[in-house]
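# Secondary and tertiary structure notes
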Amino acid sequence: MGRRTLKDLWLAPYPVGIASWKAVVVPAAIIFLVLYLLEPFGIARIESGKLWATLGSAGISAGVSAVFAWVLPRAFPHWYAEQGWTLGKEVLNTLALLLAIAVCVWLYVAWLIGVMPSVGLFFTALLWVLILGAFPTVLFAMWNRNIQLARNLREAMELNLRLYKKPETGETPSATLVFSGGTRETLEIDARSFLYAESEGNYVRLHYLSPKDHRPTSKLLRLTMKQAEEAVSSVFYIVRCHRAFLVNLHQVTKVDGNSQGYRLRLEGCAEEVPVSRGYAKEIKARLNVR
């Protein structure tokens, strides 16, 4: 049972909430303070220029952190995708960051004090970085996830109460949506039957209620999310909720919260539609006046 619980925790969604600049500045500041105040790796033997030496190490840390904050997410978008980011990925990514920083600081300090980059010096650098970075980081990751989860669950409950208590305001305005991409194939549907759209590479999968039996169905068209968004731009209740999703707010029946934000349940749909951090405020505001 404990093993299963640990696995569930490892695979639990984790919020990609920290700003990129913080991911760069914080590790650099930690490295600077450790080297300047504690003087490990023989830095105490440097008679002059200790400040510049430690600033150099902090600069190396900032460079490595910048790679993890901006370069890797663009090079490997599938691995770093927000909807698939878990507590386990957060811990592994942090440990890899700390290891990369330790390697760079090891080489830099060896050059700085004029010695060969020995195995002993490497493990000393790694030990300092892990002791001062890894354990607090893992604990912070778990604590931050629990904080985000509690907040989003509370807000999801409030949104559900408003959904249930909101009085009917009349029939949903109708319009004809025309989706057309780079091929001759198009789809014309009533806006009220539209459920959501999901990006799939160079295609968009459109989910809607069939006009024959009103059951959920879908159609894959070769078009971009920008083209899909333009097709629904005149309908105020169909909005962008994620980089890869559009949703019909009039089809929302329930709001679920997790550590990454919100997930929307739609009428007749088994799948839930994610709401990413950048769109959460807009979705909350629109659901309140839905």
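Predicted model only: the values in this text are computed from it and were never measured.

About the thresholds
Note on numbering: residues in each chain are counted from 1, in written sequence order. In view of the model being predicted, local features appear only for residues whose pLDDT reaches at least 70, and side-chain atom pairs are presented and counted only at 80 or more, with totals across whole chains, interfaces and linings using the full set of residues. Where side-chain values are given, they derive from all heavy atoms of the structure, hydrogens and water being excluded. Runs of H or I in DSSP of at least four residues are treated as helices and runs of E of at least two as strands, each being numbered from the N terminus. Every helix has an expected span of 1.5 Å times one less than the residues it contains. Among buried residues, those of type Ala, Val, Leu, Ile, Met, Phe, Trp, Tyr and Cys that are joined through side-chain atoms within 4.5 Å constitute a nonpolar core. Note on classification: 1.4 Å probe, protein chains only; a residue is buried when its accessible area is under 20% of the maximum for its type, exposed when over 50%, partly exposed between these limits. Residue contacts are defined here by distance: any two heavy atoms, one from each residue, within 4.5 Å place the two residues in contact. DSSP bridges decide pairing: two strands pair if at least two such bridges lie between them. Axes, fitted as lines to C-alpha atoms, cover a helix only where it is in contact. Angles between the N-to-C directions of the axes lie from 0 to 180 degrees. Criterion for a salt bridge: a side-chain nitrogen of Lys or Arg within 4 Å of a carboxyl oxygen of Asp or Glu. In this scheme the crossing of two helices becomes right-handed for a clockwise turn of the near helix relative to the far one and left-handed for an anticlockwise turn of less than a right angle. Nonpolar residues are Ala, Val, Leu, Ile, Met, Phe, Trp, Tyr, Cys and Pro. Charged residues are Asp, Glu, Lys and Arg, and all others, Gly as well, are polar. Each aromatic pair joins two rings of Phe, Tyr and Trp (for Trp, the six-membered one) with centres within 6.5 Å, and gets the label stacked for planes under 30 degrees apart, edge-to-face for over 60, and tilted for any other angle. When the NZ atom of lysine or the CZ atom of arginine is within 6 Å of a ring's centre and also within 35 degrees of its normal, the charge is said to sit over that ring.

### Points about helix α4 (residues 87-113)
An ideal rise of 1.5 Å per residue puts 39 Å on 27 residues; α4 measures up with 39 Å between its terminal C-alpha atoms. Once α4 ends, the next one or two residues include G114, with phi positive near 75°.

### Observations concerning the nonpolar core
One finds I31, F68 and I101 to be the most contacted residues of the largest nonpolar core, which totals 27 residues. Listed by contribution, the elements that provide at least two residues to this core are α2 (20-38), α3 (50-75), α4 and α5 (119-165). Ranked by residues supplied to this core, first place goes to α4 with 11 residues. Residues within four places of F68 in sequence aside, it is in contact with P73, Y80, N93, A96, L97 and A100. Within the second largest apolar cluster, 23 residues are counted, among which are L163, V247, L249 and A280.

### What to know about the sheet that holds strand β9 (residues 261-266)
Taken together, the three strands give an open sheet; going across it, the order is β8-β9-β10, and neighbouring strands pair in antiparallel fashion. Two strands bound the open sheet, and with one partner strand each, they are β8 (252-258) and β10 (272-275). Neighbour-to-neighbour, the strand axes of this sheet turn through a mean angle of 30°, independent of strand direction. Two strands pair when backbone bridges link them, and β9 and β10 are joined in this way by four bridges, in the antiparallel orientation. Bridging from a neighbouring strand, L264 pairs with V273 of β10.

### Section: the pattern of salt bridges
By the definition in use, this model includes eight salt bridges. The shortest N-O distance in the salt bridge between E272 and R263 comes to 3.4 Å. Given the relative accessible area of 23%, E272 is considered partly exposed. In this structure, R265 and E272 form a salt bridge, with 2.8 Å as the shortest nitrogen-oxygen distance. Residue class for R265 comes out partly exposed when judged on its relative accessible area of 37%. Linked by salt bridges that have partners in common, K254, D256, R263, R265 and E272 make up one network.

### Describing the sheet that holds strand β5 (residues 216-221)
Pairing within the open sheet is antiparallel, and its five strands lie in the order β5-β4-β3-β7-β6. The open sheet has two free edges, formed respectively by β5 and β6 (238-242), since each of these has just one partner strand. Strand-to-strand twist across the sheet, computed as the mean angle between neighbouring axes with direction ignored, equals 20°. Note that β6 and strand β7 (residues 245-248) share four bridges and pair antiparallel. By the bridge assignment for β7, V239 is matched with V247.

### As for the packing of α3 against α4
When two helices pack together, their arrangement is given by the angle between the helix axes and the distance between those axes. The contact between α3 and α4 brings their axes to 9 Å, and the two run at 145°. Judged by the twist between their axes, the crossing of α3 over α4 is right-handed. Here W52, A53, G56, S57, I60, S61, V64, S65 and F68 of α3 come into contact with α4, specifically with N93, A96, L97, A100, I101, C104, Y108 and L112. Looking at the contact of α3 with α4 residue by residue, the classes come out as 12 nonpolar, five polar and no charged.

### So, the packing of aromatic side chains
Tallying each qualifying case throughout the model produces nine aromatic pairs. Ring geometry for Y108 against W111: centres 6.0 Å apart, planes inclined by 35°, an arrangement best described as tilted. Placement of the pair is Y108 and W111 together in helix α4, with a separation of three residues, close to one helical turn. Assessed through its relative accessible area of 16%, Y108 is described here as buried. Both rings, one in F236 and one in Y237, keep their centres 5.3 Å apart while their planes meet at 85°; by these two values the pair is edge-to-face. The class of F236 is exposed, set by a relative accessible area of 51%. Here the basic side chain of K89 rests over the ring of W79, its NZ or CZ set 4.4 Å away from the ring centre.

### So, the pairing of strand β2 (residues 186-190)
Covered by surrounding structure in β2 are L187 and I189 only, the residues T186, E188 and D190 on the alternate face being uncovered. Pairing analysis gives five bridges linking strand β1 (residues 176-180) to β2, with the strands arranged antiparallel. The residue of β2 that forms the bridge with F179 is L187.

### A word on the environment of L87
By the element assignment, L87 lies in helix α4. Owing to a relative accessible area of 4%, L87 belongs among the buried residues under this scheme.

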